[in-house]
Amino acid sequence: MRRVVVTGMGAITPIGNDKEALWKSLCSGKCGVSNLTYFDTEGFDCKISAQVKDFDPAPFLTKKDISKLKTAKFIQYALASALMARDDAKLDISKEDPYSIGVLVGSGIGGIAVIEEQHKNLLEKGPGRVSPYFVTLEIANMSSGQIAIYLGIRGPNSCIVTACATGNHCIGEAFRIIQRGDAEVMIAGGTESAITPLSFAGFCSMKAMSVRNDDPEHASRPFDKERDGFVMGEGAGIVILESLEHALERGARIYAEVIGYGMTSDGYQTTAPLPEGDSAAKSMLFAIKDAKLKPEDISYVNAHSPSTILGDAAEVSALKLVFGEHIKSLPISSTKSMTGHLLGAAGAVEFIASTMAIYDDIMPPTINYEYPDPECDIDCIPNVARKAVVNSVLTNAFGFGGHNATLIVKKYTN
């Protein structure tokens with residue numbers, strides 16, 4: 001199996017619209033949650049979200065494409081992040097074999113804003129007023145498709161949709177594609193822009209989101225006893241993965257090496273995790289075995305924990321099954337405390353955070369941690385980032401339907 005390294009990263013998030021801004025915000029404990037402004041929240045139980053702020057697509061897209069993709073922001077975010085990742089990697093695609101580069105970018109929900117807009121057109125104006133671009137803007141695979149079109153890529157091109165595990169699955173499968181020699185370079189990650197009336201109403205009806213409407217900045221509080229649900233976010237995270245040989249041949253900067261990938265299914269319920277975390281634990285153990293590590297070799301865990309009562313507790317249970325006594329000295333944080341939950345983009349953005357933790361030897365905090373929960377009795381790096389040598393990071397992503405995916409990255413050494 002060939003070695004795979006990370007050479008470029010790009011991100012659009014509620015706390016920064018590039019990799020550098022995202023990482024600076026994570027290290028300083030900046031919160032991206034605020035009052036929801038995209039639509040009138042009258043009648044909604046939840047009135048807060050983690051919206052992308054001040055995003056300008058003009059540096060990345062043509063005026064025609066900006067107009068066409070107006071309601072397909074998940075594609076805009078993915079394209080912008082992919083172009084930033086390409087530039088960060090200093091990858092000149094014109095000098096590469098286009099069939100040796102692939103794209104694997106997914107979305108948990110896809111173009112729901114497009115669906116809502118065009119359904120309204122259908123009902124109010126008739127079928128002739130439905131956009132000819134409707135289908136190509138609402139399908140989840142179109143982020144991968146558009147990235148390949150923009151960059152002239154002709155290698156493997158796919159999309160994985162596994163709810164909130166999407167980003168990890170896409171990066172994990174891209175890792176496998178390079179490992180087995182089907183590509184030299186993969187552009188991989190996740191994207192989401194689902195803060196719309198319909199999807200928001202659905203999550204409200206599930207009672208899944210925080211209703212701390214009078215205090216948005218403290219609403220996302222993983223592991224805290226007072227947590228009351230997740231905060232919906234949006235954005236994208238895209239990374240450039242390369243075979244080590246290809247990266248070295250072109251003199252690329254290497255941020256970290258991807259060494260492990262594991263996945264399982266809860267086979268339990270559509271939204272609730274297995275209470276004891278058995279399958280999530282297996283996902284982590286498979287990734288650790290794939291990485292040829294022992295549990296005690298992990299320096300830091302970037303947890304999935306989205307600030308839900310059941311989800312956070314189940315993940316801690318799973319972590320205890322995996323790490324045993326080592327958990328007492330293992331730093332574990334949830335960066336969703338700052339970004340909110342980016343759904344299909346969450347795993348990819350958290351992979352970027354994990355990679356930067358290794359590159360800069362800084363572990364980002366879990367902010368808003370005030371009241372210890374006996375069910376989450378871990379070192380959650382409360383409120384302040386921690387400077388320490390980070391040799392390897394395990395990062396989890398779990399999705400509705402019982403999808404579990406775990407990635408492991410480590411410091412690159414020759």
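Above this text you will find the structure in question.
Residues numbered from 1 in each chain as written. Predicted model: local features only at pLDDT ≥ 70, side-chain atom pairs only at ≥ 80, totals over all residues. Heavy atoms only, no water.

A closer look at the overall build of the chain
- Looking only at helices and strands, one finds 13 helices and 14 strands in the chain.
- Relative to the compact-globule value of 22 Å for 414 residues, the chain shows a C-alpha radius of gyration of 20 Å, a close match.
- A fraction of 80% describes how many contacts in the chain between residues 6 or more apart in sequence connect residues 24 or more apart.
- Once the 39 positive and 49 negative side-chain charges of the chain are each reduced to a mean point, those two points are 4 Å apart. (Helix = DSSP H or I, 4+ residues; strand = E, 2+ residues; numbered from the N terminus. Rg over C-alpha atoms; globule rule 2.2 N^0.38 Å. Contact = heavy atoms within 4.5 Å. Lys, Arg positive; Asp, Glu negative; His and termini not counted. Charge placed at Lys NZ, Arg CZ, Asp CG, Glu CD.)

A look at the packing of aromatic side chains
- Inspection of the entire model under this criterion finds 7 aromatic pairs.
- Aromatic side chains Phe 39 and Phe 44 sit 5.4 Å apart centroid to centroid with 50° between the ring planes, which places their arrangement in the tilted category. Here Phe 39 matches Phe 44 in class, with each residue buried.
- Members of the aromatic cluster, joined through ring pairs, are Phe 39, Phe 44 and Phe 200. (Phe/Tyr/Trp six-rings, centres within 6.5 Å; stacked < 30°, edge-to-face > 60°. Buried < 20%, exposed > 50% of the residue type's maximum accessible area, 1.4 Å probe, protein only.)

Here we look at the pairing of strand S7 (residues 235–243)
- A large share of S7 lies buried, amounting to 9 of its 9 residues.
- Neither face of S7 is exposed, since Gly 235, Gly 237, Val 239, Leu 241 and Ser 243 on one face and Ala 236, Ile 238, Ile 240 and Glu 242 on the opposite face are all buried.
- As defined by bridge partners, strand S1 (residues 4–12) adjoins S7 across 8 bridges and the pair is classed as antiparallel. Counterpart to Met 9 in the pairing with S7 is Val 239. (Pairing = 2+ DSSP bridges.)

Things to note about the side chain of Asn 404
- Secondary-structure assignment places Asn 404 in strand S14 (residues 403–410).
- Residue Asn 404 is classed as buried on the basis of its relative accessible area, which comes to 2%.
- Only 3.0 Å separates the side chain of Asn 404 from the side chain of Thr 264, close enough to count as a polar contact.
- One polar contact links Asn 404 to Asp 266, side chain to side chain, over a distance of 2.9 Å.
- The residues touching Asn 404, leaving out its near neighbours within four places in the chain, are His 169, Gly 262, Met 263, Thr 264, Ser 265, Asp 266, Ser 279, Ala 280, Ser 283, Ala 397 and Phe 398. (Polar contact = N/O pair within 3.5 Å; in protein donor to acceptor, adjacent residues only side chain to side chain.)

So, the pattern of salt bridges
- One pass over the full model with this rule turns up 23 salt bridges.
- For the salt bridge of Glu 257 with Arg 3, the shortest nitrogen-to-oxygen distance reads 2.9 Å. In this pair, Glu 257 sits in strand S8 (residues 256–265) while Arg 3 sits in the segment before S1, placing the two residues 254 residues apart along the sequence.
- Among the salt bridges present, the one from Arg 176 reaches Asp 290, with a minimum N-O distance of 3.2 Å. Of this pair, Arg 176 sits in helix H7 (residues 166–179) while Asp 290 sits in helix H10 (residues 278–290); the two residues are 114 residues apart in sequence, bridging distant segments of the chain. (Salt bridge = Lys/Arg side-chain N within 4 Å of Asp/Glu carboxyl O.)

Side note on the sheet that holds strand S10 (residues 332–333)
- Reading across the sheet, the 10 strands line up as S5-S4-S6-S7-S1-S8-S14-S13-S9-S10 and stay open at both edges, with mixed pairing between neighbours. If you trace the sheet from one side to the other, it starts and ends with strand S5 (157–158) and S10, each paired once.
- The sheet contact formed by strand S4 (residues 101–106) and S5 spans 2 bridges and is parallel. Across the sheet, residue Val 103 finds its bridge partner in S5, namely Asn 157.
- The sheet contacts of helix H3 (residues 73–89) involve S1, S4, strand S6 (185–192) and S7, and relative to S1 the element is tilted by about 135°. (Axes fitted to C-alpha atoms, helices over the stretch in contact; angles between N-to-C directions.)

Description of the packing of helix H1 (residues 19–28) against helix H13 (residues 346–360)
- Where H1 contacts H13, the axes come no closer than 11 Å and their chain directions differ by 75°. If you check the angle between H1 and H13, you find them roughly perpendicular. Note on element contacts: H13 touches H1 through Val 349, Ile 352, Ala 353, Met 356, Ala 357 and Asp 360, opposite Lys 19, Leu 22, Trp 23 and Leu 26.
- Residues that form the contact of H1 with H13 fall into these classes: 8 nonpolar, no polar and 2 charged. (Parallel < 35°, antiparallel > 145°, perpendicular 65-115°, else oblique. Nonpolar A, V, L, I, M, F, W, Y, C, P; charged D, E, K, R; others polar.)

Thoughts on the packing of H3 against helix H6 (residues 142–151)
- Packing of H3 against H6 leaves a shortest axis separation of 9 Å and a crossing angle of 45°. Overall, the two elements H3 and H6 adopt an arrangement that is oblique. Both H3 and H6 take part in a crossing whose hand is right-handed. Contacts between H3 and H6 involve Phe 74, Ile 75, Ala 78, Leu 79, Ala 82, Leu 83 and Arg 86 from the first element and Met 142, Ser 143, Gln 146, Ile 147, Tyr 150 and Leu 151 from the second.
- A per-class count over the contact of H3 with H6 returns 10 nonpolar, 2 polar and 1 charged. (Left-handed = near helix turned anticlockwise from the far one by under 90°.)

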